[in-house]
Amino acid sequence: MGKMIGIFACFLIVALDVTAGILGIKAEAAQNQEKHMRVWLFECNEPSHHAFVLGLFAAILLGIAHVVANLIGGWCNFSRDELHKAPPSKKLSMACLLFTWIILAVAMSMLVIGTKSNHKSRASCGFTHHHFLSTGGILCMVHSLFAVAYYVTSTLMLH
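Small disclaimer: the values here were computed from a predicted structure and weren't measured.

Asks: I'd love a proper account of a nonpolar patch on the surface, names of residues and values included.
Replies: On the surface, Leu56, Phe57, Ile60 and Ile64 cluster together into a nonpolar patch covering about 340 Å² of accessible area. The topology assignment puts Phe57 in helix α2 (residues 49-73). On the basis of relative accessible area, Phe57 is assigned to the partly exposed category, the value being 44%.

Asks: Explain the side chain of Asn70 to me, and be specific about the residues and the numbers.
Replies: Relative to the elements of secondary structure, Asn70 occurs in helix α2. Residue classification places Asn70 among the buried residues on the basis of a relative accessible area of 15%. Polar contacts involving the side chain of Asn70 include one to the side chain of His66, which spans 2.9 Å. Not counting the four nearest positions on each side in its chain, Asn70 is found in contact with Leu97, Trp101 and Tyr150.

Asks: An account of the environment of Val148 is requested, with residue identities and associated values reported.
Replies: When you line up the elements, Val148 lands in helix α5 (residues 132-158). Between the alpha carbons of Val148 and Val14 there is a distance of 7.6 Å; along the sequence they are 134 residues apart. When near neighbours in sequence (up to four residues on either side) are disregarded, Val148 contacts Cys10, Ile13 and Val14.

Asks: Give me the nonpolar core: which residues, what numbers.
Replies: Among the nonpolar cores identified, the biggest contains 20 residues, and Leu62 and Leu111 are the most heavily contacted of them. Elements supplying a minimum of two residues to this core: α1 (2-32), α2, α4 (88-116) and α5. Sort the elements by how many residues they give to this core and α2 lands first, with seven residues. Aside from chain neighbours lying at most four places away, what touches Leu111 is Gly24, Ala58, Ala59, Leu62, Phe132, Leu133, Gly136, Gly137 and Cys140. Membership of the second largest hydrophobic core comes to seven residues, among which are Ile13, Ala69, Ala147 and Val148.

About the thresholds
Residues numbered from 1 in each chain as written. Predicted model: local features only at pLDDT ≥ 70, side-chain atom pairs only at ≥ 80, totals over all residues. Heavy atoms only, no water. Patch = residues over 30% accessible without salt bridge, like charges linked within 9 Å, V, L, I, M, F, W, Y side chains within 5 Å. Areas by Shrake-Rupley, 256 points an atom, 1.4 Å probe, with all protein chains shown as cover. Salt bridge = Lys/Arg side-chain N within 4 Å of Asp/Glu carboxyl O. Helix = DSSP H or I, 4+ residues; strand = E, 2+ residues; numbered from the N terminus. Buried < 20%, exposed > 50% of the residue type's maximum accessible area, 1.4 Å probe, protein only. Polar contact = N/O pair within 3.5 Å; in protein donor to acceptor, adjacent residues only side chain to side chain. Contact = heavy atoms within 4.5 Å. Core = buried A, V, L, I, M, F, W, Y, C linked by side-chain atoms within 4.5 Å.

Structure (structure tokens):
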């Protein structure tokens, strides 16, 4: 029974992250459909409501996937000395946890910046924000790999 819940949890994390990634890439495509005028480093563009909604949902799904991965993976609290004496599986688990947090921070930042540039009140000129949404979407998919690796290594540590 516990093995089935673990498999379901891994599929849930992957499904949420991959869906967030696809939404981020589709948001980038929707953003590119709007009118753009570029002068050197500055770009004037019309915001895309469709890209805004897709980017917002991508960020929400990434956050949910991260919360689910951390809840089912458990929380290991130990000191630096314990980490040096820990077995390799615990070190790998902590490395995966660290990478999930780093990828979450970068992906969420990119999705928020890309989404914010498509807000209706942002119809103005400024620096270009190319590929923020698609890169954030790709990082969502990378997040799923490390989140599942964290879950697998943390549950192996318990057995």
